[in-house]
Amino acid sequence: MRVGFYQYKPVFGKVSKNLKKVVSVLSNIEADLIVLPELAFTGYYFRDRKEVLQHAEDPTKSSSIDSLIALCREKKFYLVSGFTEKRKDKCFNSSVLIGPEGLIHLYRKLHLFNTEKNCFDEGDTPLQVNTVMDCKIGMMICFDWVFAEVSRNLALQGADIICHPSNLVLSYCQQTMLTRSLENRVFSITANRTGLEKRPHGELKFTGKSQIVAPNGDLLYRAASQRENIYIMDIDPSNAR
Ligand code: ACM
């Protein structure tokens, strides 16, 4: 199975620009499963809920999701992507699993990090594993990594690969994910973003170093901190069983 990630720097608030860039890069690759960062099309550092609601989309009526599904059909691959979700008056930091057949699963981040609590509702969807291409895929989002129970829950459901869209600002996660993979015997793909996001209320620098880890804890590949990078490699999901 050819799996990978796209590490890049979304421009805050420019959803169609970011989407266009992702679609253009992914149009040129051959893969089975690609993981994109957390909040992949809006950027991360929202001021408040009001600002989230200005940029978020309802995935059932989203032109972004529709174009990603069209891309999956054309390329015959699957995508896991962070997604800024609006549902009525609620907003969630979500992740979607999308394929040629459409939107397969949506997960809403359980463990909101720091000021995210002022911007998003707490996740209300259970952790879940879905089978695509005979491979069991689980999703968790960024700060979920801190809580060992999240990876364990996905592993107990039989996950072969934990897909982990992220916008990491601290430096501990990448090393910890080696242990999450080892203690649960799963592959993990952490897709982080790069770059500095400057907003009127402050700025954040993201740590990059997106990575793919084997079920024995081996680091199979790690990107640089501040360089955009699309990376794809062959793995054998049965090594996670
Ligand atoms: C994070 O959960 N975005 C650090």
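Described in the following lines is the structure provided in the data block. Source: prediction; values computed, not measured.

As for the side chain of Asp58
Then comes step 1: As for its position among the elements, Asp58 is in the loop between helix 2 (49-55) and helix 3 (63-75).
Then comes step 2: The residues contacting Asp58, other than those within four sequence positions of it, are Lys86 and Arg87.

Notes on helix 4 (residues 148-156)
Then comes step 1: Among all positions of helix 4, only Val150, Ser151, Leu154 and Ala155 are buried. Along helix 4, the residues classed as buried sweep out an arc of 130° about the axis, all on the same side. In helix 4, the exposed residues that point more than 90 degrees away from the buried face are Glu149 and Leu156.
Then comes step 2: Those residues of helix 4 that are buried lie in contact with strand 6 (129-132), strand 7 (135-139), strand 8 (161-165) and helix 5 (173-184).
Then comes step 3: Looking one or two residues past helix 4, Gly158 carries a phi angle of roughly 95°, positive in sign.

Describing unusual backbone geometry
Peptide bonds are, in most cases, trans, and in most cases residues other than glycine have a negative phi.
Then comes step 1: The backbone of Lys88 shows a phi angle near 55°, a positive value even though the residue is not glycine.
Then comes step 2: Its place among the elements puts Lys88 in the loop between strand 3 (78-87) and strand 4 (90-99).
Then comes step 3: Among the residues examined, Lys88 registers a relative accessible area of 82% and is labelled exposed.
Then comes step 4: Not every positive phi belongs to a glycine, and Asn114 is a case in point at roughly 50°.
Then comes step 5: With respect to the helices and strands, Asn114 occurs in the loop between strand 5 (102-108) and strand 6.

Topic: the packing of aromatic side chains
When we look at a pair of aromatic rings, we describe it by the centre distance and by the angle of the planes.
Then comes step 1: Tallied over the full model, the rule gives nine aromatic pairs.
Then comes step 2: Judged by centre distance (3.5 Å) and plane angle (5°), the rings of Tyr221 and Tyr231 are stacked. One end of the pair, Tyr221, is in strand 13 (residues 219-222); the other, Tyr231, is in strand 14 (residues 229-234), with ten residues separating them in the sequence.
Then comes step 3: Taking relative accessible area as the criterion, Tyr231 reaches 22% and is therefore assigned partly exposed.
Then comes step 4: A connected cluster of aromatic rings, assembled from ring pairs, spans Phe5, Tyr221 and Tyr231.
Then comes step 5: Just above the ring of Phe92 sits the side chain of Arg108; from NZ or CZ to the centre is 4.0 Å.
Then comes step 6: In this structure, Arg199 is placed above the aromatic ring of Phe12, and the distance from its NZ or CZ to the ring centre is 3.8 Å.

Structural notes on the sheet that holds strand 14
Then comes step 1: With mixed pairing, the six strands of this open sheet are ordered in space as 5-4-3-2-1-14. Every interior strand has two partners, whereas the edge strands, strand 5 and strand 14, have only one. Within the sheet, the average angular offset between the axes of one strand and its neighbour, ignoring direction, is 30°.
Then comes step 2: The sheet contact formed by strand 2 (residues 33-35) and strand 3 spans three bridges and is parallel. Bridged to Ile34 within strand 3 is Leu79.
Then comes step 3: The sheet strands contacting helix 1 (residues 15-26) are strand 1 (2-7), strand 2, strand 3 and strand 14, and the helix crosses strand 1 at an angle near 145°.
Then comes step 4: Where helix 3 meets the sheet, its contacts fall on strand 3, strand 4 and strand 5, and the angle it forms with strand 4 comes to roughly 15°.

Basis of the calculations
Residue positions within a chain follow its written sequence, with the count starting from 1. Local features in a predicted model are, by the rule used here, given only for residues with pLDDT of at least 70; side-chain atom pairs are given and counted only at 80 or more, and totals for whole chains, interfaces and linings are based on all residues. Values shown for side chains rest on all heavy atoms present in the structure; no hydrogens or waters enter the calculation. In this text, helices come from DSSP runs of H or I with a minimum length of four residues, and strands from runs of E with a minimum of two, each type numbered from the N-terminal end. Residue contacts follow a heavy-atom distance rule, with two residues in contact if any of their heavy atoms lie within 4.5 Å. Burial classification: accessible surface area is computed with a 1.4 Å probe over protein chains only, and a residue below 20% of its type maximum counts as buried, one above 50% as exposed, and the rest as partly exposed. In this context, the arc is that of the directions from the helix axis out to the C-beta atoms. Only centres within 6.5 Å qualify two rings of Phe, Tyr or Trp (six-membered ring in Trp) as a pair; their planes then separate them into stacked at under 30 degrees, edge-to-face at over 60, and tilted for everything else. Should the NZ of a Lys or the CZ of an Arg lie within 6 Å of a ring centre and within 35 degrees of the ring normal, that charge is described as sitting over the ring. Here the rule is simple: two strands pair whenever DSSP picks up at least two bridges between them. Between the N-to-C directions of two axes lies an angle of 0 to 180 degrees, each axis being a line fitted to C-alpha atoms and, for a helix, fitted only over the stretch in contact.

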